[in-house]
Amino acid sequence: MQTSNEDSLGGEIQLDRRAFLSGTGALVIGLAAPVAWAQNAPPSPASVNNRAMLATKLDSYLTVGKDGMVDVYFGAIDGGQGLETAMAQMVAEELDVAFDSVRVIMGDTARTLNMGGASGAQGIARRGTSLMKAAAHARRILLQHAATQLGAPVDKLVVTDGVISVSGEPSPKTSYAEVISAETFRSDIKWNGVWGNGHDVETDAPRKNYKDYKLIGQSIRRKDLPKKIFAQQDFPGDVRLPGMLHARMIRPPVAGATPVRVDEASIKAIPGAQVVHIKDLLAVVAPKEWNAIRAAKALKVSWSDFKPDFPTHEEVHGHIRKAPVVARKVEYENGAFDEGVKQATRVISAEYEYPTHSHASMGPGCAVADVREDGVTIYTSTQKPHFAADGIANLLDVPRDKVRAVWMFGTGSYGRNDQGDATADAAVLSKALGKPVRVQWSREEGLAWDPKGTAAVNFCTAGIDADGNAIAYELISKGFSRENVSTSENSAAATLAGQLLGAKLAARDTFNVPFASYTFAHNRVGWETIAPLLDRASPLRSTHLRDPYGPPILFGSESFMDEVAAAIPMDPVDFRLRYLKHPRDKDAVRIAAEKAGWQKRPSPKKNIDRSAEILEGRGIAFRRHFTTFIGLVAEVRVNTKTGEVEPVRLVCAHDVGMIVNPETLMHVIERQLVYGTGRTTVEELTWDSERVTSVDWATYPVLHMEHVPKKIEVHLIERPDAAPSGAAEMALGLVPAAMANAIFDATGVRIRKVPFTPTRVLAALKNTWG
Amino acid sequence: MAQSVTLIVNGFTHKLSVDDPEMPLLYALRDDIGLNNPRFGCGLGQCGACTVIINGEAVRSCSLAVTAAEGKAITTLHGVGSPENPHPLQTAWIEEQVNQCGYCINGWILEGVVLLTRNPKPSEEDVRSTFSSLICRCGTHNAALRAVMRVSKQA
């Protein structure tokens with residue numbers, strides 16, 4: 001019999017470089033010790049993480065090795081948007097080294113600083129910019145060394161691909177690799193003292209002028225894709241440790257019910273199967289994965305007689321309207337809205353409902369934990385590994401410096417999905433069993449038990465004066481807090497396992513609304529939150545889902561802008577251009593309209609033929625998020641007989657400031673518009689009074705090929721002199737309003753509830769048309 | 001009772017002892033043989049993350065009993081090509097920079113490989129139809145379509 005080790009772990013996990021170096025007294029520069037840990041010994045469990053000290057040392061950000069290779073320590077992660085490549089481009093640019101000489105080490109808490117994680121699509125804007133500063137700092141030190149060696153002043157030195165020469169002289173030359181000493185990267189560097197997303201480097205080292213950029217702005221291909229395409233990329237679920245057990249969690253049939261009696265004999269016949277029951281946490285484990293699955297199916301459990309009495313998904317918007325307000329905040333206000341309404345000759349108002357969404361990750365939560373006396377290692381694709389390690393330390397009650405999170409590429413999480421919960425499950429089970437444990441959530445868990453993106457009701461009012469000017473505008477978005485559980489998984493209370501073990505829900509009442517760009521004379525934009533439906537281990541607990549305060553609110557605000565324009569009546573593009581003042585705001589709208597071939601006229605179309613089977617229309621939506629400016633035009637075909645809405649064309653004008661990698665940026669925008677279309681047309685979590693009833697891809701429908709917009713055009717607006725902003729989630733939030741506006745344009749019927757299912761659209765047509 | 005099963009995967013023969021003849025092939029590939037793809041996505045045959053090719057057909061390995069695959073030629077993504085000797089569709093996949101996270105990749109590439117084997121010049125509609133049952137949460141659908149069309153145009 002032949003055996004093969006194909007598909008075995010392709011990635012080499014390095015020993016913690018400090019622990020390794022301290023044992024050898026070697027140079028503190030770019031040393032790596034690959035360990036075939038999958039086949040042999042597992043890596044040293046956890047490492048000392050002297051974070052406060054490390055943040056002040058240059059080698060916590062980057063090092064140059066004697067071989068000329070540059071290692072960049074990126075304390076966040078790449079969720080599949082190409083950040084690994086972007087980081088390499090940005091650092092290589094500032095350092096003047098070849099792109100291929102840069103390696104990016106991501107998200108391992110033993111080797112990187114806590115720079116937060118995937119959050120607000122700020123990887124390039126914050127982390128990339130910060131690492132460029134560190135690179136500039138390193139470059140200055142290296143050039144000082146080189147100046148001494150070459151006997152030339154620093155300002156006469158030029159660097160190309162890491163080779164340093166004196167301007168205008170063919171020799172002498174040197175290189176970064178030649179000028180470094182053991183102490184080079186132990187140099188001090190200042191930082192702002194903030195951990196997580198706000199982490200930043202402070203240096204007065206000179207930065208390159210954008211006009212001299214050679215790598216930034218180039219469409220360099222992604223580093224991660226060949227490994228994925230040739231089946232060489234391992235994810236956390238591929239980690240196999242000696243003695244590892246496979247686990248399946250046992251969830252209650254009714255949300256909030258707890259296990260009262262567990263019949264261990266019911267799984268006796270399954271080889272190696274074993275029950276783990278700690279407080280309200282229940283799981284089965286077995287050495288073989290299929291046997292763990294069989295045991296999960298066979299296990300007989302009596303559950304407590306708890307009834308959560310949820311308002312169902314169909315009732316939830318009524319519940320939101322009625323429920324007492326727990327917190328309220330007006331985020332943007334100018335003028336006096338109430339006075340403005342009094343001055344208006346016409347007041348219009350509308351309400352818009354956005355559903356609950358699951359992260360519905362392609363791969364349900366999966367993680368491996370190895371809890372030992374001397375330390376804890378978790379293998380996870382969480383978005384925020386440093387904070388996840390904090391949470392595991394809290395959950396297991398072990399010192400933080402005994403926990404190491406090894407981040408690995410994994411399923412696209414697109415928010416705080418179920419990866420963090422699976423990681424916590426694995427840690428609890430590994431501690432209880434004294435063995436490494438791999439937890440794989442089922443498809444049902446990945447939909448029914450992940451933390452959710454909240455439902456919302458948007459209340460919009462506007463006042464129009466006698467001359468047809470919009471003078472007053474109010475948007476209040478009401479819903480569940482977007483943080484029933486922390487988005488950073490940094491405490492036991494943030495995870496399902498922690499709550500099952502008794503940690504009380506530590507909800508934060510927060511919601512937020514998109515930036516209000518429109519310059520109405522009287523403007524009030526804010527939010528209200530209501531209490532969670534269940535205070536512990538709830539399948540409906542809320543947290544960040546991709547673009548957390550985008551689509552639920554923008555669906556309302558940007559649909560309503562169209563309603564106000566129609567009431568005036570005015571062309572929807574002209575309306576926006578009239579009330580937007582910032583040139584980048586206006587350009588995003590103007591360019592989207594131009595590229596789409598927008599024909600100016602008020603919506604809806606005149607003389608709509610209600611007997612026609614297909615009606616066509618176009619709509620626009622706009623947003624500014626941080627310093628990203630986006631206009632999106634949607635063209636739709638509405639089938640008046642079936643209620644089906646086909647988004648035939650999406651045209652996006654996108655201004656992100658400085659563009660690091662145009663091709664990857666275009667891809668990120670195109671793909672999120674597909675995702676955004678799914679959340680607009682098909683996705684909706686369903687539940688009854690007791691449990692979530694979206695349990696598979698049939699009961700939680702997502703976009704399939706046949707409903708993907710065939711034409712998606714992305715137009716990048718170039719602003720090389722503007723600071724880079726984020727792109728990985730900003731455009732998707734415009735899809736619901738752009739499509740709703742297009743449906744209105746085509747039919748004269750306004751859809752005020754997402755998703756735009758055929759049933760809902762047909763009912764709306766009948767309701768208006770009779 | 002444990003049962004002996006012989007699988008032929010990417011040209012290699014593996015003799016396994018399985019506790020349950022109904023165990024899906026996916027767990028034999030991952031757990032017994034130690035392959036890291038295919039992947040678990042739903043266990044219901046609804047998404048494609050676990051896809052393998054068996055006797056020229058794209059099959060959801062999460063929904064096929066291991067005993068039903070006995071003795072048949074099983075090919076995983078790893079078996080269709082390598083960086084040194086890539087399948088044309090893998091090359092096109094890189095040209096088009098298709099994936100984001102890549103979790104769904106087995107279904108898309110392997111369904112595409114099977115289609116191209118049967119029909120080297122598929123139309124856009126052929127490809128849409130082939131990909132109709134697959135899920136990708138990153139929204140790479142159109143990029144995957146472009147990759148297959150790139151190969152189709154070269155045929």
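Sequence order sets the numbering: in each chain, residues are counted from 1 along the sequence as written. By the order in which they are written, chains take letters starting at A while ligands take numbers starting at 1. For a predicted model such as this one, the threshold for reporting local features is a pLDDT of at least 70, and the threshold for listing and counting side-chain atom pairs is 80 or more; totals across whole chains, interfaces and linings nevertheless cover every residue. In computing side-chain properties, one takes all heavy atoms of the structure into account and sets aside hydrogens as well as water.

Here's the deal with the domain arrangement of chain B
All names here are of chain B.
- For the purposes of this description, domain bounds are those given by an automatic or database domain assignment. Entries for chain B in the domain assignment read domain 1 (3-79) and domain 2 (81-154).
- Here the C-alpha centroids of domain 1 and domain 2 sit 21 Å apart.
- Facing 21 residues of domain 1, the contacting portion of domain 2 comprises 15 residues.
- Surface buried jointly by domain 1 and domain 2 totals about 1,400 Å² across both partners, of which 53% is contributed by carbon and sulfur atoms.
- By convention in these notes, a salt bridge is any Lys or Arg side-chain nitrogen within 4 Å of a carboxyl oxygen on Asp or Glu. Remark: the boundary between domain 1 and domain 2 carries two salt bridges.
- Between E57 and R118 there is a salt bridge, with its nearest N and O atoms 3.1 Å apart.
- In terms of residue class, the side of domain 1 that touches domain 2 is built from eight nonpolar, ten polar and three charged. Residues count as neighbours in contact if any of their non-hydrogen atoms are within 4.5 Å of one another. For any pair of parts, buried area is found by adding up, for both, the accessible area (1.4 Å probe) each one loses once the two are put together. Residues are grouped as follows: Ala, Val, Leu, Ile, Met, Phe, Trp, Tyr, Cys and Pro are nonpolar; Asp, Glu, Lys and Arg are charged; all remaining types, including Gly, are polar.

Describing the nonpolar core
- Here, nonpolar core refers to any group of buried Ala, Val, Leu, Ile, Met, Phe, Trp, Tyr and Cys residues whose side-chain atoms link them within 4.5 Å. With a 1.4 Å probe rolled over the protein chains alone, any residue whose accessible area is under 20% of its type maximum counts as buried; one over 50% counts as exposed, and the rest are partly exposed. If you look at the biggest cluster of nonpolar residues, it comprises 149 residues, and the most contacted ones within it are Y61, L62 and L95 of chain A together with L89 and W93 of chain B.
- Looking at which domains feed residues into this core, each of domain 1 (3-79) and domain 2 (81-154) of chain B supplies at least three.
- The residues contacting L62 of chain A, other than those within four sequence positions of it, are V70, D71, V72, Y73, V91, L95, A134, A135, A138 and F185 of chain A.
- Of all hydrophobic cores here, the second largest spans 93 residues; its members include A121, A592, V645 and I717 of chain A.

What to know about the packing of helix α15 (residues 572-579) of chain A against helix α16 (residues 583-596) of chain A
All names here are of chain A.
- Fitted lines through C-alpha atoms give the axes, limited to the stretch in contact for helices. The angle between two N-to-C directions lies from 0 to 180 degrees. Helix and strand definitions follow DSSP, with helices as H or I runs of at least four residues and strands as E runs of at least two, each counted in order from the N terminus. Running from amino to carboxyl end, α15 crosses α16 at an angle of 165°, the nearest separation of the two axes being 9 Å. The angle between α15 and α16 falls in the class roughly antiparallel. Between α15 and α16 the crossing geometry is left-handed. In this structure, α15 uses V573, R576 and L577 to contact α16, whose residues at the interface are K586, V589, R590 and A593.
- Considered class by class, the residues forming the contact of α15 with α16 number four nonpolar, no polar and three charged. Geometric relationships in this document are graded by angle, where less than 35 degrees denotes roughly parallel, more than 145 denotes roughly antiparallel, 65 to 115 denotes roughly perpendicular, and other angles denote oblique. If you view the pair so one helix is near and one far, a crossing is left-handed when the near helix is turned anticlockwise from the far one by less than a right angle, and right-handed when it is turned clockwise.

Notes on the sheet that holds strand β2 (residues 12-18) of chain B
Residues and elements named next belong to chain B.
- Ordered by their spatial adjacency, five strands build an open sheet running β2-β1-β5-β3-β4, and the pairing between neighbours is mixed. In this open sheet, the two edge strands, each paired with only one partner strand, are β2 and β4 (57-60). Averaged over neighbouring strand pairs, the angle between their axes works out to 40° when direction is ignored.
- In short, DSSP must find at least two bridges between two strands for them to pair. Bridge count between strand β1 (residues 3-9) and β2: seven bridges; the pairing is antiparallel. The partner of S4 across the bridge, within β2, is S17.

Overview of the pattern of salt bridges
- The final tally for this structure, using the stated rule, is 75 salt bridges over all chains.
- Two residues, D188 of chain A and K57 of chain A, come together in a salt bridge whose shortest N-O distance is 2.8 Å. Placement of D188 of chain A in the loop between α5 (176-179) and β9 (190-191) and of K57 of chain A in the loop between α2 (51-54) and β3 (62-64) is noted, with a sequence separation of 131 residues between them.
- For R39 of chain B, the salt bridge goes to D238 of chain A, with nearest N and O atoms at 2.9 Å. You can see R39 of chain B sitting in the loop between α1 (25-32) and β3 (51-54) and its partner D238 of chain A sitting in the loop between α6 (225-229) and β11 (245-249), one on each of two chains. We note that R39 of chain B, like D238 of chain A, is buried.
- A single network of salt bridges, built from pairs that share partners, joins R221, E670 and R671 of chain A together with E95, E96, R146 and R150 of chain B.

Thoughts on the environment of V102 of chain A
Residues and elements named next belong to chain A.
- Residue placement: V102 occurs in strand β5 (residues 102-106).
- You can call V102 buried: its relative accessible area is 0%.
- As a C-alpha pair, V102 and L62 span 40 residues in sequence and 9.7 Å in three-dimensional space.
- With near-sequence residues (within four places) excluded, V102 lies in contact with V70, V72, A88, A92, V97 and K223.

Focus: the side chain of D562 of chain A
Residues and elements named next belong to chain A.
- With respect to the helices and strands, D562 occurs in helix α14 (residues 551-567).
- Polar contacts, as used here, are pairs of N or O atoms within 3.5 Å; protein pairs need one atom able to donate a hydrogen and one able to accept it. Residues neighboring in sequence count only if both atoms are side-chain atoms. Within the structure, the side chain of D562 is placed 3.2 Å from the side chain of R576, a separation counted as a polar contact.
- Polar contacts involving the side chain of D562 include one to the side chain of N741, which spans 3.4 Å.

Considerations on helix α6 (residues 141-154) of chain B
- To estimate the expected span of a helix, count its residues, drop one, and scale the result by 1.5 Å. Taking 1.5 Å of rise per residue, 14 residues should cover 20 Å, and α6 of chain B covers 21 Å from first to last C-alpha, within 8% of that figure.
- With ten of 14 residues buried, α6 of chain B is to be regarded as a mostly interior element.
- For α6 of chain B, the set of buried residues is H141, N142, A143, A144, L145, A147, V148, M149, V151 and S152 of chain B.
- Structurally, α6 of chain B contributes buried residues whose contacts are with α17 (662-681) and β28 (711-716) of chain A together with α3 (88-95), α4 (105-118) and α5 (124-130) of chain B.

Regarding the sheet that holds strand β20 (residues 403-407) of chain A
All names here are of chain A.
- Pairing is mixed in the open sheet, where seven strands are placed in the order β13-β14-β11-β21-β18-β19-β20. In the strand order of this sheet, the two ends are held by β13 (274-278) and β20, each with one partner. Between one strand and the next, the sheet's axes are offset by a mean angle of 25°, whatever the strand orientation.
- For β11 and strand β21 (residues 437-440), the ladder comprises three bridges, and the chain directions are parallel. Bridging from a neighbouring strand, H246 pairs with R438 of β21.
- Strands in contact with helix α11 (residues 419-433) are β11, β13, β14 (281-286), β18 (366-372), β19 (375-380) and β21; relative to β18, the strand with the most contacts, it is inclined by about 35°.

Considering the interface of chain A and chain B
- In this complex, chain A contributes 72 residues to the contact, which on the side of chain B involves 66 residues.
- Here chain A packs against chain B, burying approximately 5,800 Å² in sum over the two surfaces, 53% of which is carbon and sulfur.
- The largest per-residue losses of area from chain A upon contact with chain B belong to F230, M362 and M705 of chain A, which jointly make up 15% of the total buried on that side.
- For the pair chain A and chain B, the interface holds seven salt bridges.
- Counting across the interface, chain A meets chain B through 29 residue pairs in polar contact (both at pLDDT 80 or more).
- Looking at the side of chain A that touches chain B, the elements with two or more residues in it are α6, β11, α7 (289-298), β21 and α17 of chain A.
- In terms of residue count, α17 of chain A provides more of the side of chain A that touches chain B than any other element does, seven residues in total.
- Of the residues belonging to the side of chain A that touches chain B, the class tally is 28 nonpolar, 23 polar and 21 charged.

As for the environment of D425 of chain A
- Along the polypeptide, D425 of chain A turns up in helix α11.
- Setting aside chain neighbours within four positions, we find D425 of chain A in contact with M249, R251, L281, V439, W441 and A497 of chain A.

Notes on the confidence of the model for chain B
- Per-residue confidence from the predictor is given as pLDDT, running between 0 and 100. When pLDDT is averaged across chain B, the result is 97; 100% of the residues are at 70 or more.
- Listed scores for the predicted complex are pTM 0.94 and ipTM 0.98.

Section: the side chain of S538 of chain A
Residues and elements named next belong to chain A.
- Looking at where S538 falls in the secondary structure, it is placed in the loop between β24 (522-530) and α14.
- One polar contact links the side chain of S538 to the main-chain amide nitrogen of L540, over a distance of 2.9 Å.
- Once residues within four sequence positions are removed from consideration, S538 is found in contact with F310, W449, L496 and Q499.

Describing the packing of aromatic side chains
Residue and element names in this part refer to chain A.
- Only Phe, Tyr and Trp rings take part, Trp by its six-membered ring, and two of them pair if their centres are within 6.5 Å. Stacked means planes under 30 degrees apart, edge-to-face means over 60, and tilted covers everything else. For the structure on display, the rule yields 17 aromatic pairs over all chains.
- For the ring pair F555 and F756, a centre distance of 5.9 Å and an interplane angle of 50° mean the geometry is tilted. One end of the pair, F555, is in helix α14; the other, F756, is in the loop between α18 (735-747) and α19 (758-769), and 201 residues separate them in sequence.
- Should the NZ of a Lys or the CZ of an Arg lie within 6 Å of a ring centre and within 35 degrees of the ring normal, that charge is described as sitting over the ring. Seen from the ring of F99, K223 lies directly overhead, with NZ or CZ sitting 5.1 Å from the centre.

Structural notes on the pairing of β3 of chain B
Residue and element names in this part refer to chain B.
- Residues of β3 alternate between two faces, with T51 and I53 on one and V52 and I54 on the opposite face, all of them buried.
- Pairing of β3 with β4 involves four bridges; the strand directions are antiparallel. Bridge assignment links V52 to a residue of β4, and that residue is V59.
- Once β3 ends, the chain turns through two residues before running back antiparallel as β4, passing N55 with a positive phi of about 45°.
- Note: β3 against strand β5 (residues 73-75), two bridges, orientation antiparallel. Bridging from a neighbouring strand, I53 pairs with T75 of β5.

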